[in-house]
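# Fold and geometry: a report
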Amino acid sequence: MRSILEAFEVPQVQMTTEYNDAVRRLSNHKYDCIFVDNMMSEKNGLMLTKYIRRHQDKTLRKIPIILCTAFTGLQSIINARDAGVTEILAKPVSPDQIMAKMNVALFNPRSFIDAEVYSGPDRRRRIRDFGEQDDRRKSDIPLPAQKENDDDTALDGQAGAE
Amino acid sequence: MSNDKFTVKQQEMLRKAQRIIDRASLSYGDTLSQHILSLKTSLDNDNIQEAIRICHLINSQAGTFGWHLAGELSGWFKRVLMKQQQESGLDSNVSRLFMDSLDHMVKQDLRAESRAAVTLLRDLEAALKDEDIH
């Protein structure tokens, strides 16, 4: 990983295998991007991600985090997303994958959500433009019967024509 | 590698990174042998935690350096060890199966898409399912 990042002309790469060492370094240095492994020594990368996302320092909280993991099952992806991971890098890693993830995380980031229940990149990767009404998902719950001359009918394009 | 999503400068960086990986791949068989030796030592000493760490290391590195099957197998071995750690403790028969397979891969230089290695993996999976371990 270090060699690949150096080939990408990243000026300084720091590595650690210890969770506590990572926490100590985070308080002493500023980083542009953090790669975490799903399996560190006694605590895993998601724990470090949660620590960062709940940190009182707003700048630190918003650092892009790329999780390197061999676990790419649906539940693992959901856990990573909910922990606040910015991007997931599936192992075995390759230079183009790393570059692509860095491009997104650093240069095309999603908006950052800073709420009480969740802190991290917006978990919605795409915002759907429903366009035609028929594209919308149908609800199982029946809509209440509409009253005649309801104000809402003004939303209909025909309403203003008369 | 699809180049259209990267700038010219980034494509040059990618070529540089790929050259580094290609060079490292030439000697990765030796590195893998050393990892397997360390893995054997940790299993002999009933040190499951260290064995899991080494499996994770192989799982992380091997695929990048062209040893995809060894990477897959060590990832699988890691999951079995983690399960054994939580439940029954180390099963030496299962460990031996995995170790023999990894050893075989390195000695026979079974990389990437080798048919022999794929057959070996399938036989191993079938054996494990028979034992109701996997």
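Here, every reference points to the structure presented above.
Attention in this report is confined to the structure presented alongside it. The shown structure was predicted, so the numbers you read here are calculated from the model rather than taken from an experiment.

### Examining the packing of helix H2 (residues 28-44) of chain B against helix H5 (residues 92-107) of chain B
Residues and elements named next belong to chain B. Taken N-terminus to C-terminus, the directions of H2 and H5 make an angle of 160°; their axes are 10 Å apart at the nearest point. As far as their axial angle goes, H5 and H2 are roughly antiparallel. The handedness of the crossing between H2 and H5 is left-handed. Contacts between H2 and H5 pair Gly29, Leu32, Ser33, Ile36, Lys40 and Leu43 from the former with Ser95, Met99, Leu102, Asp103 and Val106 from the latter.

### Topic: the packing of helix H2 (residues 19-28) of chain A against helix H3 (residues 45-53) of chain A
Residues and elements named next belong to chain A. Their axes nearest at 11 Å, the elements H2 and H3 cross at an angle of 25°. If you check the angle between H2 and H3, you find them roughly parallel. Between H2 and H3 lies a crossing of right-handed hand. Judged by residue contacts, Tyr19, Ala22, Val23 and Leu26 of H2 engage Met47, Leu48, Tyr51 and Ile52 from H3. Grouping the amino acids of the contact of H2 with H3 by side-chain chemistry returns eight nonpolar, no polar and no charged.

### Some thoughts on the sheet that holds strand E3 (residues 87-90) of chain A
All names here are of chain A. With parallel pairing, the three strands of this open sheet are ordered in space as E1-E2-E3. Of all the strands in the sheet, the pair left with one neighbour each is strand E1 (34-37) and E3. Strand-to-strand twist across the sheet, computed as the mean angle between neighbouring axes with direction ignored, equals 30°. Pairing between E1 and strand E2 (residues 65-69): four bridges, direction parallel. The residue of E2 that forms the bridge with Phe35 is Ile66.

### Topic: the environment of Asn108 of chain A
Locating Asn108 of chain A in the fold gives a position in the loop between helix H6 (95-107) and strand E4 (112-114). With 7 C-beta atoms counted inside 10 Å, the residue Asn108 of chain A sits in the exposed group.

### Some words on unusual backbone geometry
Excluding glycine, residues mostly have negative phi values, and the peptide bonds linking residues are mostly trans. Residues and elements named next belong to chain A. The omega torsion of the bond from Lys91 to Pro92 falls at 0°, within 30 degrees of zero and hence cis. As for its placement among the helices and strands, Pro92 is situated in the loop between E3 and H6. The phi dihedral of Glu9 is positive, around 60°, even though this residue is not glycine. Within the fold, Glu9 resides in the loop between helix H1 (2-7) and H2.

### Focus on the interface of chain A and chain B
Interface size is commonly expressed as the accessible surface area that is lost when the partners come together. With 15 residues of chain A at the contact, the number on the chain B side is 18 residues. For the side of chain A that touches chain B, the secondary structure elements donating two or more residues are H1 and H6 of chain A. Per-element tally for the side of chain A that touches chain B: the top contributor is H6 of chain A, with four residues.

Rules and cut-offs
- Residues numbered from 1 in each chain as written.
- Chains lettered and ligands numbered in written order.
- Predicted model: local features only at pLDDT ≥ 70, side-chain atom pairs only at ≥ 80, totals over all residues.
- Axes fitted to C-alpha atoms, helices over the stretch in contact; angles between N-to-C directions.
- Helix = DSSP H or I, 4+ residues; strand = E, 2+ residues; numbered from the N terminus.
- Parallel < 35°, antiparallel > 145°, perpendicular 65-115°, else oblique.
- Left-handed = near helix turned anticlockwise from the far one by under 90°.
- Contact = placed C-beta atoms within 7 Å.
- Nonpolar A, V, L, I, M, F, W, Y, C, P; charged D, E, K, R; others polar.
- Pairing = 2+ DSSP bridges.
- Buried ≥ 20, exposed ≤ 12 C-beta atoms within 10 Å, placed from the backbone.

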